[in-house]
Amino acid sequence: MTMDAVGHGKIETRALTPAQLKDLSVRANLPGLIRAISHYALIALVGTLIWQVAIRHGVVWTTPLIIIQGYLIAFLFMAVHEAAHKTVFTSRRLNEALGHASSLMIVLPYEYYALFHWDHHRFTQDPDRDPELVTATIPSSVTRLAIAYTGIVQLTNRIRLLVRRAVTGQAVAPWIPESKQSMVVREARIYALVYLALLIASIAFSSMMLLWCWLVPLYVGQLFLRPYLYAEHTGCERTRSAYENTRTTYTDRLTKWFTWNMPFHVEHHAYPSVPFHALPKLNLIIDERIAHRGQGYRAVTRETWRWFRRARQDGI
């Protein structure tokens, strides 16, 4: 998610030599396998615990586990994101397999997201062409701002969009080329059929497992994901320079693990070919060039919240 501030419109010179970039851009299977397996294994473990506790003691006792599960599921967004860049694995098919599996979990069709995200990289912080800005509005009140930070509206709109495309057969947006529209519709219909099959199976087996182990946590997890996404660009300049239009947030190791190192976001935007596992090394090289440096997500969330309030008052 991006929001902008008035900037300078200059283009940053390269910080890496071609040899350094080539070295950092090398793809490898092992880091992606370790990250993906650990992420999904924890989701399976926590989901099992939720179900067992719910059966034995009641759903109310699963609340702490649902919060943890929400965090884990919501941040599968990062697996989708990295797979969209085709940098998790050396194999294109493995990237697409991880991308679709994770996209199904968070109700964000993979191929559609890849098109959306490509334009986000091409036009970062351009209010007329960056899809993250085109689809966003400044909340008109403190209440609406608070609701925006929950991520509930964004997730609900995502589900509505998927259903509408599946039903109407129409997929029109500036970032969807006409040649890709049928593919986006087909993908939406396949995803919708998978969800329908899961619903039918749940009804047939009189099971609430998917509700408590997946859907409720998915919504709860937006409370973590949305502030994280706002931290990436909110309040940064309108400029072509990734060093100025993006924020890197310095945070703890656990957060970096489950966000697939994307807090190093300036690094990612400056050199999107660099895989997630090489971003810490890239940070050591370009750290001094970074204009927006967040010191933890609590501090950055306070900063983005203040920016939104100023933007509403100033009519940005």
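The model shown is predicted, which means the values in this text are computed figures rather than measured ones.

Would you mind showing me how to read helix α9 (residues 152–168) here?
Because an α-helix completes one turn every 3.6 residues, residues spaced three or four positions apart along the sequence face the same direction. End to end, α9 covers 24 Å across 17 residues, agreeing with the expected 24 Å (1.5 Å per residue, within 8%). Among all positions in α9, only Leu155, Arg158, Leu162, Arg165 and Ala166 are buried. Buried residues of α9, seen end-on, are gathered within an arc of 100° and therefore sit on one face of the element. In this structure, α9 carries Arg160 and Val167 as exposed residues pointing more than 90 degrees from its buried face. As for α9, its buried residues are in contact with α5 (92–106), α6 (110–122), α10 (181–204) and α11 (209–231).

Honestly, the packing of aromatic side chains in this entry has me stumped. Any pointers?
Aromatic ring pairs: the centre-centre distance and the angle between the two ring planes describe each pair. Here the structure, examined in full by the defined rule, presents 16 aromatic pairs. Their ring planes at 50° and their centres at 4.9 Å tell us that Tyr71 and Phe75 sit as a pair that is tilted. An aromatic cluster of at least three residues, connected via ring pairs, comprises Tyr71, Phe75, Phe224, Tyr228, Phe258 and Tyr297. A cation over a ring is seen here: Arg165 above Tyr112, with NZ or CZ 4.3 Å from the ring centre.

I keep staring at unusual backbone geometry and nothing clicks. Help me out?
Only a minority of non-glycine residues have a phi that is not negative, and only a minority of peptide bonds are not trans. Positive phi values are uncommon outside glycine, yet Trp260 reaches one of about 55°. Inspection of the secondary structure assignment puts Trp260 in the loop between α13 (253–258) and α14 (265–270). Among the residues examined, Trp260 registers a relative accessible area of 1% and is labelled buried. A positive phi angle, close to 65°, is found at Asn261, a residue other than glycine. Within the secondary structure layout, Asn261 lies in the loop between α13 and α14.

Which parts of the structure should I look at to understand the pairing of strand β4 (residues 292–295)?
Taken residue by residue, a regular strand's side chains alternate between the two faces of the sheet. The two faces of β4 differ: His292 and Gly294 on one face are buried, but Arg293 and Gln295 on the other face are not. Two elements, strand β3 (residues 247–250) and β4, share 4 bridges in a ladder whose sense is parallel. Bridged to Tyr250 within β4 is Gln295.

In this structure, what is going on with the packing of helix α8 (residues 142–150) against α11? I would like to understand it.
When two helices pack together, their arrangement is given by the angle between the helix axes and by the axis-to-axis distance. In the contact formed by α8 and α11, the axes pass within 6 Å of each other and the chain directions differ by 105°. When the interaxial angle is binned, α8 and α11 end up roughly perpendicular. Judged by residue contacts, Ala148, Tyr149 and Thr150 of α8 engage Gln222, Leu223, Arg226, Pro227 and Tyr230 from α11. When grouped by side-chain class, the residues that make up the contact of α8 with α11 number 5 nonpolar, 2 polar and 1 charged.

The rules behind each value
Residues numbered from 1 in each chain as written. Predicted model: local features only at pLDDT ≥ 70, side-chain atom pairs only at ≥ 80, totals over all residues. Heavy atoms only, no water. Helix = DSSP H or I, 4+ residues; strand = E, 2+ residues; numbered from the N terminus. Expected span 1.5 Å × (residues − 1). Buried < 20%, exposed > 50% of the residue type's maximum accessible area, 1.4 Å probe, protein only. Arc of directions from axis to C-beta. Contact = heavy atoms within 4.5 Å. Phe/Tyr/Trp six-rings, centres within 6.5 Å; stacked < 30°, edge-to-face > 60°. Lys NZ or Arg CZ within 6 Å of the ring centre and 35° of its normal. Pairing = 2+ DSSP bridges. Axes fitted to C-alpha atoms, helices over the stretch in contact; angles between N-to-C directions. Parallel < 35°, antiparallel > 145°, perpendicular 65-115°, else oblique. Nonpolar A, V, L, I, M, F, W, Y, C, P; charged D, E, K, R; others polar.

That is the geometry; function is a separate question.
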